[in-house]
Amino acid sequence: MNKKIELIDVSYVYGERTPFEITALKNVNLNIEAGSVTGIIGHTGSGKSTLVRLFNGLERPASGKVLLDGVDIWEKPKEIGKVRYRVGLVMQYPEYQLFEETVAADIAYGPKNMGLDADAVEERVKKYSALVGLSEEDLQKSPFELSGGQKRRAAIAGIMAMKPEVLVLDEPAAGLDPVGRNLIFDAIEEYRAVEGATVIIVSHSMEDMAARCDRVIVMSDGEVVADGTRDEVFSCADKLVSVGLDVPEITKLAELLASRGFDFGKTVYTVSDAADIICRALSGGGNE
Amino acid sequence: MTHLIETRELCFSYDDEENESTENKLEGKYALCGVNITIDKGEFVAVVGRNGSGKSTFAKLLNLVLEASSGEVYIDGKKVSPEMTDEELLDLRRRVGMVFQNPDNQLVATIVEEDVAFGPENLGIPSAEIRERVDAALELVGMTEYARHEPHRLSGGQKQRVAIAGIIAMMPECMIFDESTAMLDPSGRAEVVDVMEKLVREKGITVINITHLMSEAARADRIIVINEGKVIGEGTPKEIFTNTELVRRAGLELPQCAALLGELRARGVRIDGAGITPDECADIIIKKLQNREEE
């Protein structure tokens, strides 16, 4: 595995040495493979959001190390700002953070702060606004004139415009309808393909995670309780349920059918996959 | 017979709003147009539609959070209008309670039970009765053991249940949930929908769940589908879920199992009956496979 990010024995404590001390992360060890799409799932308060804030140095671990391309990001604390350009974090409900007068100015904010010249900034605004599906017309509007889904995509374009090597998104599709959700996930996939970036997504939607991720990390009470390929993680339904999560509905159906004698022969996550296998069985291909 | 809720040719345009907040402005367009809906006492209704379809606008018109541009809303036969006296308006809001999306924006007190007492206190209920109501409401939502806790330390699902208790303590006849599970994790979502079901089945409270999650709408007795400000479909979950075309037109997605049956049908497999849950779909598919072996 080519490790893009590596966490070694990382712990994080909120309100250290106060009566409100809470350990948010306990001895977390994990690797994020370069170029992969890794999903992080876990119940509310499991430590997911704390974890993603460690990836770009927004929080500093109480103990342990965060490595980016093998280098400790806290080796030179004064240069932590550079890490934030390399690891772009899209926080929850990022549309609440839009503040400029036009969408274009908002997307330009990041690259401008990186010190790029005006032409380069403009080029990036164009490129990444198009990538997330915003029109030239949208760019001249006030962010407040956009729909909820468009605002969200504008905020994501603002992070992409800094061309981070790692794009981290905390609940990028929360509260959006299926159409809006797919637009966001398609844009993320395109960014990964075009830039060769590594993508990390935090989500509550097991269906989305199963459809979009290569690898999945499961958090519970500040610890990593499962870490593996999508198939490895979602084939442990009982374990997921025990930590307040679930498996996609179609995976549940497949398990029910298996217990009644019809085996899909593999873990299924998508409707079309399941339909293929059932149709084959019906048309006489049979199942053993 | 009088319906609990009835709307006649209900229309709403954000352009009419005096406060010209650009955020809500859908230029010259009606957010809601010509909506005729009746909801009876004790019904569990889901109102579904994509973002911007008008479903939340509809909810806000029912208890006058928004004022209709034209058309009428009747609650228990009584017309809802801005001409109502303050007393009538207060009574309307007590009878038709609302739970919103963000659990952090709805709690006002520093202790759970005080938050639940906030509504009845403002209604001038005697304190002994408030105590009873608060205890009963917390028990109903399963939060009794958290009565003395601080709301900000609760999980999202727990916070929403406290918000629900605060409304129950005002003894409403109807509760509207406006995307109340959108910000919750799967277990928080299940907690809140379980409470909705309890309100309907055990307390006879009418529940209207505004959502774009079809898996949640499946729990209701009836689903109303809204798109571009108009009602485009209405029926039981099974009726709506077998109408793949309607769901697609509304920009929604069927839960995966129902979608699988739809996909099989589209590929020419004859599927008898309708299924929504994994159990129901497993039954249908197993039967299909057995029939094939017999043929």
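A. Region of the structure containing the overall build of chain B. Of the regular secondary structure elements, chain B holds 11 helices and 10 strands. Computed over its C-alpha atoms, the radius of gyration of chain B comes to 21 Å, within 12% of the 19 Å expected for a compact globule of 295 residues. When the backbone C-alpha atoms are referred to their principal axes, chain B occupies close to 70 × 50 × 40 Å. Looking at chain B as a whole, 52% of its 295 residues are labelled buried. Summarising the internal contacts of chain B: among those between residues at least 6 apart in sequence, 66% fall at separations of at least 24. Roughly 13400 Å² of accessible area belongs to chain B as shown, and the carbon and sulfur atoms make up 45% of that amount. One finds the centroid of the 34 positive side-chain charges in chain B at a distance of 4 Å from the centroid of its 53 negative side-chain charges.

B. Fine view of unusual backbone geometry. All names here are of chain A. Positive phi outside glycine occurs at D9, with the angle close to 45 degrees. Topologically, D9 is positioned in strand β1 (residues 3–14). The partly exposed category is assigned to D9, whose relative accessible area is 39%. Of note, Y93 is a non-glycine position whose phi angle comes to about 45 degrees, a positive value. By the element assignment, Y93 lies in the loop between β6 (87–90) and α3 (103–113). Note on Y93: relative accessible area 9%, which makes it buried.

C. Seen up close, the domain arrangement of chain B. Residues and elements named next belong to chain B. Taken domain by domain, chain B holds domain 1 (5–254) and domain 2 (255–295). Averaged C-alpha coordinates put domain 1 and domain 2 at centres separated by 34 Å. Contacts between domain 1 and domain 2 engage 10 residues on the former and 9 residues on the latter. Between domain 1 and domain 2 the total buried area reaches about 690 Å² when both faces are included, carbon and sulfur atoms providing 77% of it. The interface formed by domain 1 and domain 2 holds 1 salt bridge in total. At the boundary of domain 1 with domain 2, the tally comes to 1 residue pair in polar contact (both at pLDDT 80 or more). Sorting the residues of the side of domain 1 that touches domain 2 by element identifies α7 (214–217) and α8 (237–241) as the ones contributing at least two each. Top contributing element to the side of domain 1 that touches domain 2 by residue count: α8, with 3 residues. Grouping the constituent residues of the side of domain 1 that touches domain 2 by class yields 5 nonpolar, 3 polar and 2 charged.

D. Just the packing of helix α3 (residues 112–122) of chain B against helix α4 (residues 127–140) of chain B, in detail. All names here are of chain B. For the pair α3 and α4, interaxial distance at closest approach is 9 Å and the crossing angle is 125 degrees. As summarised for this structure, α3 and α4 are arranged oblique, according to the angle between their axes. Considering the relative orientation of α3 and α4, their crossing is right-handed. Residue-level contacts link V112, E113, V116, A117, P120 and E121 of α3 to I130, R131, R133, V134, A137 and L138 of α4. Across the contact of α3 with α4, the residue classes tally to 8 nonpolar, no polar and 4 charged.

E. Geometry of the interface of chain A and chain B. Between chain A and chain B, the contact holds 41 residues from the first and 37 residues from the second. Together chain A and chain B conceal approximately 3400 Å² of surface at their shared face, both sides included; 62% is due to carbon and sulfur atoms. In this assembly, chain A and chain B are joined by 3 salt bridges. Put simply, R260 of chain A and D283 of chain B hold a salt bridge, and the shortest N to O gap is 2.6 Å. There are 11 residue pairs in polar contact (both at pLDDT 80 or more) connecting chain A and chain B. For the side of chain A that touches chain B, the elements supplying multiple residues, two or more each, are α7 (178–195), α8 (206–212), α11 (249–259) and α12 (271–285) of chain A.

F. Layout of the domain arrangement of chain A. Domain annotation for chain A reports domain 1 (3–231) and domain 2 (248–288). Placing a centre on the C-alpha atoms of domain 1 of chain A and another on those of domain 2 of chain A gives a separation of 35 Å.

G. Main features of the pattern of salt bridges. Within this structure, the stated rule accounts for 46 salt bridges over all chains. Ionic pairing is found between R86 of chain A and D69 of chain A, a salt bridge with its closest N-O pair at 3.0 Å. Residue R86 of chain A is located in helix α2 (residues 80–86), and its partner D69 of chain A is located in the loop between β4 (63–68) and β5 (71–72); the two are separated by 17 residues in the primary sequence. A salt bridge links E234 of chain B to R222 of chain B; its shortest N-O distance comes to 2.5 Å.

H. The sheet that holds β6 of chain A, seen in detail. Residue and element names in this part refer to chain A. Reading across from one edge, β6-β7-β8-β3-β9-β10 is the order of the 6 strands in this open sheet, with mixed pairing throughout. Of all the strands in the sheet, just β6 and β10 (223–229) have a single pairing partner and so form its edges. Averaged over all adjacent pairs, the angle separating strand axes in this sheet is 15 degrees, with direction ignored. Lying on the sheet, α7 is in contact with β3 (37–42), β7 (166–170) and β8 (198–202); it crosses β8 at an angle near 155 degrees.

I. The arrangement of the pairing of β10 of chain A in detail. Residues and elements named next belong to chain A. Looking at chain direction, strand β9 (residues 215–220) and β10 are connected through 6 bridges and run antiparallel. Bridging across to β10, V216 finds its partner in G228. Here β9 folds back onto β10 in antiparallel fashion, the turn holding 2 residues, of which D221 has a positive phi close to 45 degrees.

The rules behind each value
- Sequence positions are assigned chain by chain, starting from 1 and proceeding in written order.
- Lettering for chains starts from A, numbering for ligands starts from 1, and both go in the order in which the items are written.
- Owing to the predicted nature of the model, reporting of local features is limited to residues with pLDDT of at least 70; listing and counting of side-chain atom pairs is limited to 80 or more, with chain, interface and lining totals taken over all residues.
- No hydrogens and no water enter the side-chain calculation; it runs on all heavy atoms of the structure.
- In DSSP terms, a helix is any run of H or I states spanning at least four residues, a strand is any run of E spanning at least two, and both are numbered starting from the N terminus.
- Using C-alpha atoms as the atom set, the radius of gyration is obtained and then compared with a globule rule of 2.2 Å times the number of residues to the power 0.38.
- Each residue's exposure class comes from its accessible area (1.4 Å probe, protein chains only) as a fraction of the maximum for that residue type: buried when under 20%, exposed when over 50%, partly exposed otherwise.
- Pairs of residues are marked as contacts when any of their non-hydrogen atoms sit within 4.5 Å.
- All accessible-area figures derive from a Shrake-Rupley calculation using a 1.4 Å probe, and residue coverage is judged against the displayed protein chains alone.
- Charge counting treats Lys and Arg as positive and Asp and Glu as negative, with His and both chain ends excluded.
- Taken as the charge location is NZ of Lys, CZ of Arg, CG of Asp or CD of Glu.
- Residue ranges labeled as domains rest on an automatic or database domain assignment.
- The term buried area denotes the loss of accessible surface (1.4 Å probe radius) that occurs when two parts are joined, taken as the sum for both partners.
- For this analysis, a salt bridge means a side-chain nitrogen from Lys or Arg found within 4 Å of a carboxyl oxygen belonging to Asp or Glu.
- Under this definition, polar contacts are N or O atom pairs within 3.5 Å; protein pairs additionally need one hydrogen-donor-capable and one acceptor-capable atom, and for neighbouring residues in sequence, both atoms have to be side-chain atoms.
- Nonpolar residues are Ala, Val, Leu, Ile, Met, Phe, Trp, Tyr, Cys and Pro. Charged residues are Asp, Glu, Lys and Arg, and all others, Gly as well, are polar.
- Note on method: axes are straight lines fitted to C-alpha atoms, helices fitted across the in-contact stretch only, with angles between N-to-C directions ranging 0 to 180 degrees.
- Note on terminology: angles under 35 degrees are roughly parallel, angles over 145 are roughly antiparallel, angles of 65 to 115 are roughly perpendicular, and the others are oblique.
- With the far helix as reference, a near helix turned anticlockwise by less than a right angle produces a left-handed crossing, and one turned clockwise produces a right-handed crossing.
- DSSP-based pairing: two strands are paired if at least 2 bridges between them are found.

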